[in-house]
Each structure stands twice: as C-alpha cells, then as structure tokens.
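Next come the chains, spelled out residue by residue.
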Amino acid sequence: MSLFSVKMRSSARGTHISGAERIVGEQEIDEVCAAMSRRALAHGKGQPDSITITVSAIEREVVRVPALPITEATSRTPAEARDVVLGAIAPLTAHAAQAWELVTSVRDMRGAILFDAATGNRLEPDYARGVRVTSMDAATATGERPEAGSGKTRVADALVLASKVAHHPSVLAEVCISDDPDYTTGYVATNTLGYLRVPNMKPAGSAVGGRLFVVDTAAPADLIEYLEHTPVLVGES
Ligand code: AMP
C-alpha cells in the first residue's frame, strides 16, 4: 500500500500555535485533513488565522519502532515535577539542572532543543526554531484513530514522537512541556524509563512550553536528518 504524509501547522499573526502529522493510506486522506483542521481551530493557545495542510507521497522506506511503555509520576507542584525530571536525567548528564532551566524558560519554539549531555551546550542550528521532528505516526495506519481533541489524542501524538526520538542511538532522554496553557502535564522519556508522564510541570495558565533532547553526540547532522526526514511508524510496545 502506498503511504502519504499529511502535515498541518497553524499560526496567528505569524506566531506558531499547533502542528500535527499523520502517515496514512490514500483512502484516509480526506478524513484526516478534516480532523486536523477541526483540531487546529480548537487549540487552547488561541484562534489561528492560518492553517496549512500538506499531503505528499512517501517515497522512502518506512522504519517501524515499538512504542515506549507509559508510566505516571505523582508530582503535585512544579518543584516536585522538577525533582522527577532531574531524577530521570541526572544519571545521563552532569548538566541536568541547566537542562531543566532551559526547558522551563523557552516558549513559542516550533522544534526541540538539542542539549549536549557532555557539555550542556545547545547543538541545534537555529535556537529560535529548534529541531522539528516530523515524518511519524502510530502504526495503526488505518482506522482506530482516537477522536480529535480528546486527551487521548494528545498522549498518542506525544508518545509517537517520543518513541521515534528515543529510538535513535544518540538520544539519551527527552523532556517535554506542552505550550498549551491549559495542559500542565509533561513527560520525560528515556529508553530505560520509558515514557513517564509528569503532572504539574508548569503552573496552570503558563505560556511556557518546549522540548529538549539530551544527546550524546557533538556532531548532530545524522540525528537531525533522522528526526526530520526518516519516516517512522510506531507500533505496540
Ligand atoms: P506541544 O506538546 O505541541 O504543546 O509542544 C510543546 C513544545 O514542544 C513546543 O513548544 C515545541 O517547542 C516542541 N515541539 C512541538 N512539536 C514538535 C516537534 N514535532 N518536534 C520537535 N519539537 C516539537
């Protein structure tokens, strides 16, 4: 079956609001485009004045990776969330506190920070934009898609992204805080820990949001190529 990439991004007055992507069979394209535009219009960050949806045939081989197993921490405040995240990443980098400071101070990036575990330096070519992970979806490429707008969709999308990211050998960990002011549960993901949901990563109403990948390479060109362009379908864990 030939597969297609369907990508959506929305913005208001030039500022990014939301994005989404599917890898689907031809018969699903119309339904997925409709669901994506509904979801863009319902985003908590505001009403978009621009929604762009792109459909393109996938010409390369698709990589299949397992989903990370999901667990949940019991953090009740941002301070407790910080302890959970530092507990997960401190064994991987001596600069864990600096990584937390970074990911809790950024906002309005479209992509992720690449954080060098060895030095604490940022490695992404464009600090304002970050590195955007694209070309991925859940392996259930037909049917069984959660309804747009439900909490389940959000977890499913983040799990797909986190599973693609964690699969690359240069990635040690990921930390994510949603930029939706109404959604304060973030996550930290590693290959050993899996996908750990972390409640109360930020105060309710905060516009802070970002992603940070702790990496163990100083030359991230291959990693960036994988994150941006290798098509990945994420299956059962
Ligand atoms: P979201 O979970 O969609 O609210 O996104 C939270 C943050 O993660 C955003 O502010 C971006 O910095 C980053 N982000 C969102 N989507 C991606 C992506 N596809 N690849 C890398 N970073 C992303």
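Before reading on, note that the structure itself is shown above.
Right, let's walk through the structure included here. Owing to the predicted nature of the structure, the values given are computational and were not obtained by experimental measurement. (Residues numbered from 1 in each chain as written. Predicted model: local features only at pLDDT ≥ 70, side-chain atom pairs only at ≥ 80, totals over all residues. Heavy atoms only, no water.)

1. Examining the overall build of the protein
Across its full length, the protein holds 5 helices and 12 strands. Its C-alpha radius of gyration of 17 Å places the protein within 12% of the 18 Å reference for a compact globule of 237 residues. Taken along its principal axes, the extent of the C-alpha atoms in the protein is 50 × 35 × 30 Å. Of all intrachain contacts in the protein linking residues separated by at least 6 positions in sequence, the fraction that spans at least 24 positions is 68%. Total accessible area on the protein is roughly 11000 Å²; 52% of this is exposed by carbon and sulfur atoms. Side chains of the protein give 23 positive and 29 negative charges; the mean places of these two sets differ by 4 Å. (Helix = DSSP H or I, 4+ residues; strand = E, 2+ residues; numbered from the N terminus. Rg over C-alpha atoms; globule rule 2.2 N^0.38 Å. Contact = heavy atoms within 4.5 Å. Areas by Shrake-Rupley, 256 points an atom, 1.4 Å probe, with all protein chains shown as cover. Lys, Arg positive; Asp, Glu negative; His and termini not counted. Charge placed at Lys NZ, Arg CZ, Asp CG, Glu CD.)

2. Considering the site of the ligand
Taken together, 14 residues lie near the ligand, and Gly111, Val133, Ser178, Asp179 and Arg211 sit nearest. At a separation of 2.9 Å, an oxygen atom of the ligand approaches a polar backbone atom of Gly111. Between the ligand and the protein, one listed contact pairs an oxygen atom with a side-chain N or O atom of Ser178 at 3.0 Å. Protein burial of the ligand: of its 480 Å² of free accessible surface, 84% is covered by the chains. Across the shell around the ligand, the residue classes break down as 6 nonpolar, 4 polar and 4 charged. (Near = heavy atom within 4 Å. Polar contact = N/O pair within 3.5 Å; in protein donor to acceptor, adjacent residues only side chain to side chain. Nonpolar A, V, L, I, M, F, W, Y, C, P; charged D, E, K, R; others polar.)

3. Focus on empty space enclosed by the protein
One water molecule sets the probe size; rolling that probe over the atoms shows where empty space is left. Evaluated as defined, the whole model comprises 1 cavity of 30 Å³ or more. In this structure, the largest cavity spans a volume of roughly 30 Å³. For the largest cavity, the full set of lining residues is Ala162, Val165, Ala166, Val171, Leu172, Ala173, Glu174, Ala189, Thr190 and Asn191. Ranked by the residues each element gives to the lining of the largest cavity, the list is headed by strand S8 (residues 171-177), at 4 residues. Residue classes in the lining of the largest cavity are distributed as 7 nonpolar, 2 polar and 1 charged. (1 Å grid on protein atoms, 1.4 Å probe; cavity = no way out; pocket = protein on both sides within 12 Å on 5 of 7 lines; lining within 4 Å. Points joined across faces, edges and corners; volume = space filled by probe spheres on them.)

4. Overview of helix H1 (residues 29-41)
Across its 13 residues, H1 extends 19 Å between first and last C-alpha, which sits within 8% of the 18 Å expected from 1.5 Å per residue. Of all the positions in H1, only Ile29, Val32, Cys33, Met36 and Ala40 are classed as buried. The buried side chains of H1 occupy one side of the element, clustering within an arc of 100 degrees when seen end-on. Seen from the buried face of H1, the exposed residues on the opposite side, beyond 90 degrees, are Asp30 and Glu31. Elements in contact with the buried residues of H1: strand S1 (3-12), strand S2 (15-25) and strand S3 (50-57). (Expected span 1.5 Å × (residues − 1). Buried < 20%, exposed > 50% of the residue type's maximum accessible area, 1.4 Å probe, protein only. Arc of directions from axis to C-beta.)

5. Brief notes about the sheet that holds S3
Taken in spatial order, the 3 strands make up an open sheet running S2-S1-S3, and their pairing is antiparallel. A strand with exactly one partner marks an edge of an open sheet, and here the two such strands are S2 and S3. Across this sheet, the average inter-strand angle for adjacent strands is 15 degrees, counted without regard to direction. Judged from the 8 bridges that link them, S1 and S3 form a sheet pairing that is antiparallel. Considered in S3, the bridge of Phe4 is made with Ala57. Against the sheet, H1 contacts S1, S2 and S3, and its axis sits at roughly 160 degrees relative to S2. (Pairing = 2+ DSSP bridges. Axes fitted to C-alpha atoms, helices over the stretch in contact; angles between N-to-C directions.)

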